[in-house]
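In case you want the letters, here they are:
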Amino acid sequence: MVSSTNKKYRVAIRDTLAEEMELDSRVILMGQDIGVSNGLFRLTEGLFERFGPERVRDTPISETATVGAAIGLALVGYRPVVEIAFSDLMLTCFDTIVNQLAKLRWMFGTQGPELPVVIRALTGAGLGVGAHHSQSLEALFGHMPGLNVVTPATANDAAALLRAALRCGAPTIFLEHKMLLRDSGPVRAGEIGRFGQALVTREGTDITLVGYSYTAKLVLQAAEALSRSGISAETVDLRSISPLDTAVVAASARKTGRLLVAQESYKPFGVGAEILAAVASEGIPLRLPPRRIAVPFMPIPALKALERAYLPTVESVTAAAVQMCNAQS
Amino acid sequence: LQLSKRDSIVVSFFGDGTANEGAVHEAMNLAAVWRLPVLFLCERNEFAELSPFSSQFRIQSIADRAVAYGFRGYSVDGSDVERVRALIATVIAEMRAGGGPALIEARVVRWRGHYEGDQQQYRDASAPASPDPLTVLAERHPSILDDARRQSLRQEVLTEVEAAVEFARGGEYPQPDVVFGRPAPSAIL
């Protein structure tokens, strides 16, 4: 029996970093204000005191140089973890991530070196911090080969998938949702997660609701609300979007005949589009066309009242599901 | 401005933290190569988000970087309005005469945290923030701005700001469909 402890998502991440640093002296953390200041979201709290300035390194506001340094460290055998406090800022180092980090192993042959670089970044909206600090950019990274893109929704997945990211030896974009940091849940000690393995988080028969990161929580809450209206929703948490587990979604959609994907990012070329394409190309018979809940095709407003209206909510997911279940099929 | 042969210039403001972004270095070099009328004005306030200057730089002055791009750099006490004004007047005159870009570092010490609620544990609480440039100026020239005039100015500004806050508080939130119903600019034909 594996022991488990109740932890916040934020603490689960911090503790996993600490455990892995304890086990493996090659794990080095780098990022802005992660040392004395404990990170903007306190995700490295206490690690500077415990592991010192060599292994918990504050960087200047220079994302490109930091990711470049991480690549260099990884090439000579270290296992660097970069923290980028807002995933939006990864666009300043997008070239280094996509053109260098993601491609290096192909450029130097498929037998090339391991490249154990983990880039942890805070994703998502909900804090009213506007168009430059709230985006969900997972689809940009999911579009590119050579990167794992991981989107944990629970404290246990945050720990288990981060451990997997640290040990897998391949470049991994690890997206931590700001609105999940304070969520608590049981965390199983030492678990190593697997990428590309979606999880049915609630069984049901009438409709399949798919989410990941914050929307995995949202669809679960929607399923609870729907059960009070006599609708039995099955929910799926994708957990990683690259690799993407379409098989679990397809099996669920085949069972329920209705499919709704909720995402906090734009519709075009997004995760929902990919899921719908996979289900369509596998010829899964559905009772009515599948749907997506996404955000308006414009930057997110900072004003909280508008931000709430912009984002998917339990209500909007529930309403769409009710409509789909009531539609003539 | 260069293309339209106008004698205006561009002033680009930034801080300590931004100075270490790659885009800044590229912009400075490009401005130098094209001899653009750009004044790079760094308000150096001793902190980059949650980190002190000394942990982010190995130079004493950000102005030192100008020489690496081939233009002039200046450092000035940012709390001294008269010095800043005199320096900028000289620099702009040079730029208008075709002198190309320049970099000015205006030195101040930050008044508040990086964000409201910032505990600032990275900061020596005993080190003073820089004085208010307007207060410095007024105290230096009591004949121009006496106490009574300062008080009345302060009151005027306070009233104006309070009225603006009142106005904002009394306003209605924008309706979501008004905002989200608009097509993206790229879709407007």
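These figures come from a predicted structure and were not determined experimentally.

Draft legend 1. Seen up close, the packing of helix α3 (residues 63-75) of chain A against helix α4 (residues 94-101) of chain A. All names here are of chain A. In the contact formed by α3 and α4, the axes pass within 8 Å of each other and the chain directions differ by 25°. Our classification of the angle between α3 and α4 gives roughly parallel. Here Thr64, Val67, Gly68 and Ile71 of α3 come into contact with α4, specifically with Thr96, Ile97, Gln100 and Leu101.

Draft legend 2. Region of the structure containing the interface of chain A and chain B. Each partner contributes to the interface: chain A provides 19 residues, whereas chain B provides 18 residues. Buried surface at the junction of chain A and chain B, summed over both partners, amounts to about 1,700 Å²; 63% is from carbon and sulfur atoms. Of all residues in chain A, Asp33, Ile61 and Leu306 of chain A give up the largest surface area on contact with chain B, accounting jointly for 33% of the area buried on that side. Linking chain A with chain B are 0 salt bridges. The tally of links between chain A and chain B comes to 4 residue pairs in polar contact (both at pLDDT 80 or more).

Draft legend 3. Region of interest: the pattern of salt bridges. Residue and element names in this part refer to chain A. Evaluation of the coordinates by the stated rule reveals 29 salt bridges over all chains. Of the charged contacts, one joins arginine 163 and glutamate 19 as a salt bridge, the two residues approaching to 2.5 Å between their closest N and O atoms. With a gap of 144 residues between them, arginine 163 in helix α7 (residues 155-167) and glutamate 19 in helix α1 (residues 9-23) connect regions that are remote in the sequence. The buried category is assigned to arginine 163, whose relative accessible area is 3%.

Conventions we followed
Residues numbered from 1 in each chain as written. Chains lettered and ligands numbered in written order. Predicted model: local features only at pLDDT ≥ 70, side-chain atom pairs only at ≥ 80, totals over all residues. Heavy atoms only, no water. Axes fitted to C-alpha atoms, helices over the stretch in contact; angles between N-to-C directions. Helix = DSSP H or I, 4+ residues; strand = E, 2+ residues; numbered from the N terminus. Parallel < 35°, antiparallel > 145°, perpendicular 65-115°, else oblique. Contact = heavy atoms within 4.5 Å. Buried area = accessible area lost by both parts, 1.4 Å probe. Salt bridge = Lys/Arg side-chain N within 4 Å of Asp/Glu carboxyl O. Polar contact = N/O pair within 3.5 Å; in protein donor to acceptor, adjacent residues only side chain to side chain. Buried < 20%, exposed > 50% of the residue type's maximum accessible area, 1.4 Å probe, protein only.

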